[in-house]
Amino acid sequence: MANKFVGVDLGSHHVKVVVVSAGLRGVQVTDAFSEPVSQVPSDDPEVDPLGAVLAVALGALKQRRLLSHPVGLVLPPGLCSYRLLSFPFSDERRIAQAVGFEAEGQFPVPVEELFYGHLVVPGSGQGGRALVAAARRDRVQPISDIFKRADVELKVVTSGAAAMAQVAARPAPTPASPELAERGLEPITLIIDMGHASTQLVAMGPKGPRAIRAVRRGGRHITAALAKAYKLSDLDAEAGKHRDAFLPHHGLESMDDEQLDAGRIVAKAIDPIIREIGHTRMWLRATYKLEVTKVMLAGGGAALQGLVPYLEEQTGVDVQRFMPSATVVKGTQGRDWANYAGALGAAFGAARRPLLQLHDASAVSGEGSWIQERMSSLVAIGVAVMAFGALDTIAQVKALEAEQVAYEDELAAATLETFGEELGPSKIEAKLASVEGQDMVSLVPEKGALEVLAMIVESATPSDLGAAPPPGTIDPATGQPVTPGGLMPGMTGTDPSTGAPLMPTATPLVDDGQPGTTADGEEKKVGPIELERGIVMADELSFSSVEIRERKVELKIDANFSATQDRLNYKLKQHGCLANISNGKVRGATRKNFEMTMDNNCYYATADEDAEASGEGAKG
């Protein structure tokens with residue numbers, strides 16, 4: 001007889017529920033539905049958003065008469081953290097015994113204060129790895145107690161990323177392409193679960209998940225950007241996002257200025273997620289030799305219009321919506337499961353066995369009691385073995401004590417540098433609690449110094465780079481005219497247009513807008529160069545100094561012409577986060593030296609948005 005199992009995903013705006021029937025013939029989906037969660041004002045401290053979500057979840061189970069069935073629960077993504085631990089051995093039993101000790105110090109609180117679970121993943125060489133997911137016990141225990149008080153059998157508590165990975169269609173175990181094989185890279189699929197408050201990134205291999213990252217950026221940042229741009233309330237902006245928001249891409253037809261502005265607002269809000277996807281790909285490639293060759297989208301954010309083609313343009317890989325494995329769960333064909341991926345995985349985990357189960361670390365802390373229970377048998381083994389074991393235990397205890405002292409010293413130094421005083425763990429928790437709820441994402445750099453430098457280099461790149469030089473061009477190194485084939489007089493070669501041999505020429509110098517001197521030795525006059533062309537090869541622009549600070553950028557430049565500065569200024573203004581660009585005084589007779597300064601609003605989103613709100617007041 002088949003039994004029913006229920007998967008519940010606690011989302012910010014919708015509670016997703018999937019019901020499966022499990023028997024000898026496998027697991028079959030029988031129902032899937034979602035219930036909306038009434039939005040409460042985010043600035044009301046007396047209202048717990050999670051309480052409203054739990055009320056909706058239990059109400060939906062009661063209405064559908066599902067309270068009596070075993071439940072697999074997916075925690076809100078904001079509660080879960082992930083670590084990938086490495087071990088010098090690959091035996092799963094030894095890893096299970098050591099993972100608790102190795103996880104100590106990897107999370108902001110002691111392991112005893114966590115619900116955590118692990119999954120053994122392939123390692124490198126003879127070593128192994130464990131993918132650990134954890135959530136604070138004081139956040140998970142109340143959720144578990146609420147379900148138990150409602151007489152719900154909470155069989156599985158897991159994370160959304162692990163639940164998705166359990167039922168996702170896995171990449172076929174085919175050999176890597178010659179290009180990837182040459183670089184020693186293994187192809188994988190990246191599942192991107194874009195939720196309201198955070199985004200989860202799961203690296204999927206043929207045998208299951210290999211790594212998981214959580215990014216504190218999601219759909220709420222798009223909502224906030226729309227609310228600010230159009231002066232809407234949060235509720236109206238959220239409704240407008242689901243109804244009208246889109247990402248511009250090459251497949252769209254021509255749009256008017258208003259539509260383009262709307263698309264840019266959404267693109268700018270999602271840009272940090274795009275960068276995190278790029279960082280994740282680099283991290284996987286450099287650290288674990290994994291190359292993302294395909295992307296699957298899940299979560300409510302997957303419904304954003306234009307997201308699939310936009311991601312394909314940004315990442316250069318194939319992007320599609322989440323697909324469950326038909327061999328794992330039957331009855332999934334012909335339906336979009338992107339928004340139900342977590343609930344589907346939780347239901348399957350409750351019916352069979354969860355890929356990763358979060359358990360209370362304090363409840364299993366007594367696993368070593370078997371030593372005392374079997375002490376008589378151990379004594380029979382021999383005094384010598386016991387002696388060596390005791391010595392080894394003492395050495396391990398001493399090592400742990402020394403490690404604890406080192407951690408305490410490191411913590412004291414770090415808190416002294418950060419807060420101006422040495423703080424213990426309890427005081428640090430109080431400090432962190434005082435800023436809980438603030439948007440810490442706004443303090444994360446939008447663009448780092450390397451990205452700002454890339455913008456400057458892009459603006460300073462000659463627009464005619466690689467173009468054939470016009471007749472009469474002077475080689476600055478020799479002072480001689482360049483022939484049509486790009487050769488100096490006296491050199492051999494062929495004319496690319498006719499194939500005829502090139503002979504030494506005496507091309508007269510003409511006023512063609514290129515640097516050099518006339519036949520009389522006077523400085524050659526240069527014709528006007530359009531401002532829109534920006535820097536050209538004739539400028540021979542070079543930087544003697546580039547200083548990029550948090551709020552300011554200073555450049556020291558030399559070039560052939562004074563007008564070079566105006567054209568570079570024009571190009572730099574096209575980068576919105578570089579503002580108030582000021583030209584400096586030009587010095588020098590032949591080579592012109594000048595300095596340029598500008599405001600650097602590229603680091604922080606707040607500065608960038610304030611600059612846009614005040615208008616583009618860049619000085620020439």
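The model shown is predicted, which means the values in this text are computed figures rather than measured ones.

The rules behind these values
Residues numbered from 1 in each chain as written. Predicted model: local features only at pLDDT ≥ 70, side-chain atom pairs only at ≥ 80, totals over all residues. Heavy atoms only, no water. Helix = DSSP H or I, 4+ residues; strand = E, 2+ residues; numbered from the N terminus. Buried < 20%, exposed > 50% of the residue type's maximum accessible area, 1.4 Å probe, protein only. Contact = heavy atoms within 4.5 Å. Areas by Shrake-Rupley, 256 points an atom, 1.4 Å probe, with all protein chains shown as cover. Expected span 1.5 Å × (residues − 1). Arc of directions from axis to C-beta. Core = buried A, V, L, I, M, F, W, Y, C linked by side-chain atoms within 4.5 Å. Pairing = 2+ DSSP bridges. Axes fitted to C-alpha atoms, helices over the stretch in contact; angles between N-to-C directions. Disulfide = S-S within 2.5 Å. Salt bridge = Lys/Arg side-chain N within 4 Å of Asp/Glu carboxyl O. Patch = residues over 30% accessible without salt bridge, like charges linked within 9 Å, V, L, I, M, F, W, Y side chains within 5 Å. Phe/Tyr/Trp six-rings, centres within 6.5 Å; stacked < 30°, edge-to-face > 60°. Lys NZ or Arg CZ within 6 Å of the ring centre and 35° of its normal.

**Observations concerning the overall build of the protein chain**
From N to C terminus, the protein chain includes 17 helices and 18 strands. Counting every position in the protein chain, which comprises 620 residues, the buried fraction comes to 40%. Taking the intrachain contacts of the protein chain between residues at least 6 apart in sequence as the baseline, contacts between residues at least 24 apart amount to 63%. For the protein chain, the computed accessible surface area is about 33,400 Å², with 54% contributed by carbon and sulfur atoms.

**Overview of helix H1 (residues 49-63)**
An ideal rise of 1.5 Å per residue puts 21 Å on 15 residues; H1 measures up with 21 Å between its terminal C-alpha atoms. Every buried residue of H1 is listed here: Leu 50, Val 53, Leu 54, Ala 57, Leu 58, Ala 60 and Leu 61. Down the axis of H1, the buried side of the element spans an arc of 160°, and every buried residue falls inside it. Among the exposed residues of H1, those oriented more than 90 degrees off its buried face are Lys 62 and Gln 63. Where H1 terminates, the next one or two residues include Arg 65, which has phi positive at roughly 60°.

**Overview of the nonpolar core**
One finds Val 8, Val 18 and Phe 322 to be the most contacted residues of the largest nonpolar core, which totals 103 residues. Sort the elements by how many residues they give to this core and helix H8 (residues 257-288) lands first, with 9 residues. Contact partners of Val 8, with chain neighbours within four places excluded, come to Val 15, Lys 16, Val 17, Ala 57, Leu 61, Val 71, Gly 72, Leu 73, Val 74 and Ala 346. In terms of nonpolar packing, the next biggest core, distinct from the first, is built from 20 residues, Ile 456, Val 553, Leu 555 and Leu 568 among them.

**Quick look at the sheet that holds strand S1 (residues 3-10)**
One key point about sheets: their strands pair by backbone hydrogen bonds, in either a parallel or an antiparallel sense. One open sheet accounts for 5 strands, arranged S3-S2-S1-S4-S8; its pairing is mixed. In this open sheet, the two edge strands, each paired with only one partner strand, are strand S3 (26-36) and strand S8 (154-158). Each neighbouring strand pair of the sheet contributes to a mean axis angle of 20°, computed without reference to strand direction. Here S1 pairs with strand S4 (residues 71-74) via 4 bridges, running parallel. Of the residues in S4, the one forming a bridge with Val 8 is Leu 73. Here helix H10 (residues 341-351) sits on the sheet and contacts S1, strand S2 (14-23), S3, S4 and S8; the angle it forms with S1, its principal contact strand, is near 140°.

**Digging into the state of the cysteines**
The tally for this structure, following the rule as stated, stands at 1 disulfide. Bridging Cys 577 to Cys 602, the disulfide has an S-S length of 2.1 Å. Note on the Cys 577 and Cys 602 pair: the S-S dihedral is about 80°, so by sign convention the disulfide is right-handed. Of the two residues, Cys 577 sits in the loop between helix H16 (563-572) and strand S17 (578-582) while Cys 602 sits in the loop between strand S18 (592-600) and helix H17 (605-613), which places them 25 residues apart along the sequence. The exposure class assigned to Cys 602 is buried, which follows from its relative accessible area of 2%.

**A few points about the pattern of salt bridges**
Scanning the model with the defined rule gives 19 salt bridges in all. One salt bridge connects Lys 241 with Glu 238, and the closest N-O pair in it is separated by 3.2 Å. Remark: Glu 238 and Lys 241 occur in helix H7 (residues 234-244); sequence separation between them is 3 residues, near one turn of the helix. Across this residue pair, the class does not change: Lys 241 and Glu 238 are buried. Salt bridges sharing common partners tie together Arg 281, Arg 285 and Glu 291.

**A few points about the sheet that holds S17**
Spatial strand order, S15-S16-S18-S17: 4 strands in an open sheet with antiparallel pairing. The open sheet has two edge strands, strand S15 (542-548) and S17, and neither has a second partner. Ignoring which end each strand starts from, the neighbouring axes of this sheet average 20° apart. Where strand S16 (residues 552-559) and S18 come together, 8 bridges link them in antiparallel fashion. Paired with Leu 555 across the strands is Met 596, a residue of S18. Across the sheet, helix H15 (residues 449-460) lies against S15, S16, S17 and S18, angled at about 150° from S15, the strand it touches most. Sitting on the sheet, H16 is in contact with S16, S17 and S18, with an inclination near 20° to S18.

**Considering a nonpolar patch on the surface**
Together, Leu 450, Leu 453, Val 457 and Val 546 make up a nonpolar patch on the protein surface, roughly 340 Å² of accessible area in all. A total of 3 residues in the nonpolar patch trace back to one element, the largest contributor, which is H15. Relative to the assigned elements, Leu 453 resides in helix H15.

**Focus: the environment of Glu 153**
In this fold, Glu 153 is placed in the loop between helix H3 (137-149) and S8. Its relative accessible area of 44% is what places Glu 153 among the partly exposed residues. Measuring from C-alpha to C-alpha, the distance between Glu 153 and Leu 67 comes to 8.1 Å, with 86 residues separating the pair along the chain. Those residues within four positions of Glu 153 in sequence are excluded, and the remaining contacts are His 69, Pro 70 and Val 71.

**Quick look at the packing of aromatic side chains**
Two measures describe an aromatic ring pair: the distance that separates the ring centres and the angle between the ring planes. Enumeration according to the criterion identifies 3 aromatic pairs in this entry. Their ring planes at 35° and their centres at 5.7 Å tell us that Phe 87 and Phe 89 sit as a pair that is tilted. The pair formed by Phe 87 and Phe 89 is uniform in burial state, with each residue classed as buried. Considering the side-chain rings of Trp 337 and Tyr 340, the 6.2 Å spacing of their centres and the 80° angle between planes classify their relative orientation as edge-to-face. Among the residues examined, Trp 337 registers a relative accessible area of 0% and is labelled buried. One residue, Arg 64, lies across the ring of Phe 33, its end atom 3.8 Å from the ring centre. The ring of Tyr 340 has Arg 335 lying over it, and the distance from NZ or CZ to the ring centre is 5.5 Å.

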